[in-house]
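# Remarks on the overall topology
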2 protein chains.
Amino acid sequence: MKLMIVGLGLIGGSMAMALRNYPDLECTAVTRNEVTRAEALRMGIIKSAWPTPDDAPIENQDMLMLCLPPDACVDFVSRHAMRLKKGAILTDVCGVKQPLKAAIDALAPHPFIYLGGHPMAGKERGSFANATPDLYRGSHYILVPDTDVPDSAMQAMKQMIHFIGCADTIITTPAEHDARIGYTSQLMHVMALALCDQHLLFDSYGFEGGSFRGATRVAALDPELWCELFSANREPLADLIDELRDNLQIYADLLRSGDRSALLERLRTSSDRKKAFDAERGLDRLHSPL
Amino acid sequence: MKLMIVGLGLIGGSMAMALRNYPDLECTAVTRNEVTRAEALRMGIIKSAWPTPDDAPIENQDMLMLCLPPDACVDFVSRHAMRLKKGAILTDVCGVKQPLKAAIDALAPHPFIYLGGHPMAGKERGSFANATPDLYRGSHYILVPDTDVPDSAMQAMKQMIHFIGCADTIITTPAEHDARIGYTSQLMHVMALALCDQHLLFDSYGFEGGSFRGATRVAALDPELWCELFSANREPLADLIDELRDNLQIYADLLRSGDRSALLERLRTSSDRKKAFDAERGLDRLHSPL
């Protein structure tokens, strides 16, 4: 299988590393970064590399994987996706799925099979320099296949996902993906930022434990990337923030009321929700990149 | 040195395990749990154990370490601390320091030296069964010494803290401790609970990544313990929640405004705060229990 990865940052670079030794794979890449091209070739994780998609033999690929930020993915698709051969798989790793899906639908009828993806793995620091072959180990890999994706394409994708060490594959739609990710990822990033906006941050050196590090780790994010992700999902995300503010208000009110038994009851209910969530999914077995 | 640990849960049990092989130490314990007593004796991490403080030879100890919840610590101190011999060190591991300090001041003049402590380590699941000898590795250990603590007592404590693997020792006052911990620990726990109160929690199986796990891990907390901790610091904590709600509102407003450059600017400023915090403290080198 000829796989071309477009973009060798943290996600694309880790993908190429994780796919080293994948059977019958010829992996190539497109990346503007000359140092990354040289390093990836030296490591032997790609066979060839091109600086721009214009030079790259997109026409020959069995699978094209876009590892670019959302806006760049949309731009790439509108300019280059029609060069794919009939039956080639087009996939991506975007953190929002609806904008790219719309760009792909605008090309219909198109020769390629669209099978969007989103590996639930990352680090707060991007770039090829931070890529690692075990980035995906234990993570969920979400797929948003078009309705007409043949079973053989699904199987090819799932085999790769299994090979790179993911815990499982989740199948969903672009709309459902964006609603869920607004909560599980985007809201967590907003909250991490808001926690670091607090006036006590720099007075708190030496007082941090695991809860602080876990909650604020992702605040050291890439502003451009997350501005794109938030903007593509802004109404649902704003609604989730409203809900979180309401939930927080309940705790502030309970604390100020001095009603300790009511506070205890709330802590029981809320911690039971989390314990039920963890128990059902066996979260403890999942890798966490922190 | 004769050290008696009162309470062999997660914190006390891990302490006894971490102090195994500490030079010239005779470690004993008080714990009501018969199974824990038997297991700790079998492991060889304590030399003797008693079910209640009434039976235990508190009078002979060089150091007494209270590893109990805050209310139980206060109760213990008022009932048993005066049994300590002159010059013995009384320490504890409470997550709030002012209530215990008040109980100790109420005993003055007292024969013992009070040197309160708070290791910034833990797990969401307590009990001796979850204790591990490396719990403290890489964590901060906060000390709140009384004003008249002799240098020899400080050195004895610091040596133990170093031995169990802590990254450093932070010296502060009970009031400052409680203000800082309200932010670095209690607010993080409230926020984790509030995130798990969101309506999408149980619809989000399979969509969680590292940011979700990091932010919500501690929501699986012990309600009784955290009700005590929150209640002992309730006004400052409620104020911190108000501040967090205001900070979150800013993101909701920016998202709804559609002003992408203003949103980007905010993300830059906030992520830069976190990056500056991480850089200055070399947080990456610290152990995180997640």
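This text follows the structure it describes.
Residues numbered from 1 in each chain as written. Chains lettered and ligands numbered in written order. Predicted model: local features only at pLDDT ≥ 70, side-chain atom pairs only at ≥ 80, totals over all residues. Heavy atoms only, no water.

### Description of the nonpolar core
- Formed by 74 residues in total, the largest nonpolar core has its most connected members in Phe 230 and Ile 241 of chain A together with Phe 230 and Ile 241 of chain B.
- The contact partners of Ile 241 of chain A, leaving out residues within four places of it in the chain, are Leu 187 and Val 190 of chain A together with Leu 248, Tyr 251, Ala 252 and Leu 255 of chain B. (Core = buried A, V, L, I, M, F, W, Y, C linked by side-chain atoms within 4.5 Å. Buried < 20%, exposed > 50% of the residue type's maximum accessible area, 1.4 Å probe, protein only. Contact = heavy atoms within 4.5 Å.)

### A word on helix H2 (residues 34-43) of chain B
All names here are of chain B.
- Within the span of H2, buried status applies to Thr 36, Arg 37 and Ala 40. Buried residues of H2, seen end-on, are gathered within an arc of 100° and therefore sit on one face of the element. Residues of H2 that are exposed and point more than 90 degrees away from the buried face comprise Glu 34, Val 35 and Arg 42.
- Lining the buried residues of H2 we find strand E3 (49-50).
- Put simply, Asn 33 is the residue that caps the front of H2, since its side-chain oxygen is 2.9 Å from the backbone nitrogen of Val 35.
- Immediately downstream of H2, the backbone of Gly 44 shows phi near 80°, a positive value. (Helix = DSSP H or I, 4+ residues; strand = E, 2+ residues; numbered from the N terminus. Arc of directions from axis to C-beta. Polar contact = N/O pair within 3.5 Å; in protein donor to acceptor, adjacent residues only side chain to side chain.)

### Examining the packing of aromatic side chains
- Summed over the entire model, instances satisfying the criterion amount to 14 aromatic pairs over all chains.
- Judged by centre distance (6.4 Å) and plane angle (70°), the ring pair of Phe 202 of chain A and Tyr 205 of chain A falls under edge-to-face.
- In this structure Phe 202 of chain A comes out as partly exposed when scored by relative accessible area, which is 31%.
- Overall, the relative accessible area of 16% leaves Tyr 205 of chain A in the buried class.
- Measuring from centroid to centroid gives 5.4 Å for Phe 277 of chain A and Phe 212 of chain B, while their planes differ by 50°, and the two rings are tilted. Of the two residues, Phe 277 of chain A is situated in helix H10 (residues 260-281) and Phe 212 of chain B in helix H7 (residues 210-216); the pairing between them involves two chains. No difference in accessibility class separates Phe 277 of chain A from Phe 212 of chain B, as the two residues are buried.
- What links up through ring pairs into an aromatic cluster is the set Tyr 183 and Phe 277 of chain A together with Phe 202, Tyr 205 and Phe 212 of chain B. (Phe/Tyr/Trp six-rings, centres within 6.5 Å; stacked < 30°, edge-to-face > 60°.)

### With respect to the relation of the copies chain B and chain A
- If you rotate chain B by 180° and push it 0.0 Å along the axis, it lands on chain A with an RMSD of 0.0 Å. Here the copies are linked by what is in effect a two-fold axis.
- Residue by residue, 100% of the interface of chain B is reproduced at the interface of chain A, so both copies engage with the same surface. (Least-squares fit on C-alpha atoms with pLDDT ≥ 70 in both.)

### Description of the side chain of Asp 178 of chain B
All names here are of chain B.
- By the element assignment, Asp 178 lies in helix H6 (residues 174-197).
- In this structure, Asp 178 is buried with no salt-bridge partner, the nearest side chain bearing the opposite charge being Lys 97 at 7.2 Å.
- In contact with Asp 178, not counting residues within four places along its chain, are Val 96, Lys 97, Gln 98, Pro 99 and Asn 233. (Lys, Arg positive; Asp, Glu negative; His and termini not counted. Salt bridge = Lys/Arg side-chain N within 4 Å of Asp/Glu carboxyl O.)

### With respect to the sheet that holds strand E5 (residues 89-92) of chain B
All names here are of chain B.
- Here 8 strands make up an open sheet; going across it, the order is E3-E2-E1-E4-E5-E6-E7-E8 and the pairing mixed. With partners counted over all chains shown, the strands left at the sheet margins are E3 and strand E8 (168-171), one partner each.
- Summarising the sheet, strand E1 (residues 2-6) and strand E4 (residues 63-66) pair through 4 bridges and their orientation is parallel. When the bridges of E4 are listed, Ile 5 appears paired with Met 65. (Pairing = 2+ DSSP bridges.)

### Let's talk about the interface of chain B and chain A
- Facing 98 residues of chain B, the contacting portion of chain A comprises 98 residues.
- Here chain B meets chain A over a buried area of about 9800 Å², counting both sides, of which 62% is carbon and sulfur.
- Counting the contacts that link chain B with chain A gives 14 salt bridges.
- Across the salt bridge formed by Asp 239 of chain A and Arg 256 of chain B, the nearest N and O atoms sit 2.8 Å from each other.
- At the surface where chain B touches chain A, the tally comes to 53 residue pairs in polar contact (both at pLDDT 80 or more).
- Listed by contribution, the elements that provide at least two residues to the side of chain B that touches chain A are strand E7 (140-145), H6, H7, helix H8 (223-231), helix H9 (234-257) and helix H10 (260-281) of chain B.
- If you tally residues by element for the side of chain B that touches chain A, the top one is H9 of chain B, at 19 residues. (Buried area = accessible area lost by both parts, 1.4 Å probe.)

### Re the side chain of Ser 204 of chain B
- Mapped onto the elements of the fold, Ser 204 of chain B is located in the loop between H6 and H7.
- Among the residues examined, Ser 204 of chain B registers a relative accessible area of 0% and is labelled buried.
- At 2.7 Å, the side chain of Ser 204 of chain B and the backbone oxygen of Leu 200 of chain B are in polar contact.
- With near-sequence residues (within four places) excluded, Ser 204 of chain B lies in contact with Arg 180, Tyr 183, Thr 184 and Phe 277 of chain A.

### Focus on the pairing of E8 of chain B
Residues and elements named next belong to chain B.
- In terms of strand pairing, E7 meets E8 through 4 bridges, oriented parallel. Residue pairing in the sheet places Tyr 141 in a bridge with Thr 169 of E8.
- The handedness of the E7 to E8 crossover, carried by helix H5 (residues 151-163), is right-handed. (Right-handed = clockwise from strand over helix to strand, strands pointing away.)

### A short note on the pattern of salt bridges
Residue and element names in this part refer to chain A.
- Inspection of every chain in the model, using the stated rule, returns 40 salt bridges over all chains.
- Residue Arg 180 is joined to Glu 176 by a salt bridge in which the shortest nitrogen-to-oxygen separation is 3.5 Å. With Arg 180 and Glu 176 both in helix H6 (residues 174-197), this residue pair falls 4 residues apart, about one helical turn.
- Take Arg 180: its relative accessible area is 15%, and that puts it in the buried class.
- For Glu 176, a relative accessible area of 33% translates into the label partly exposed.

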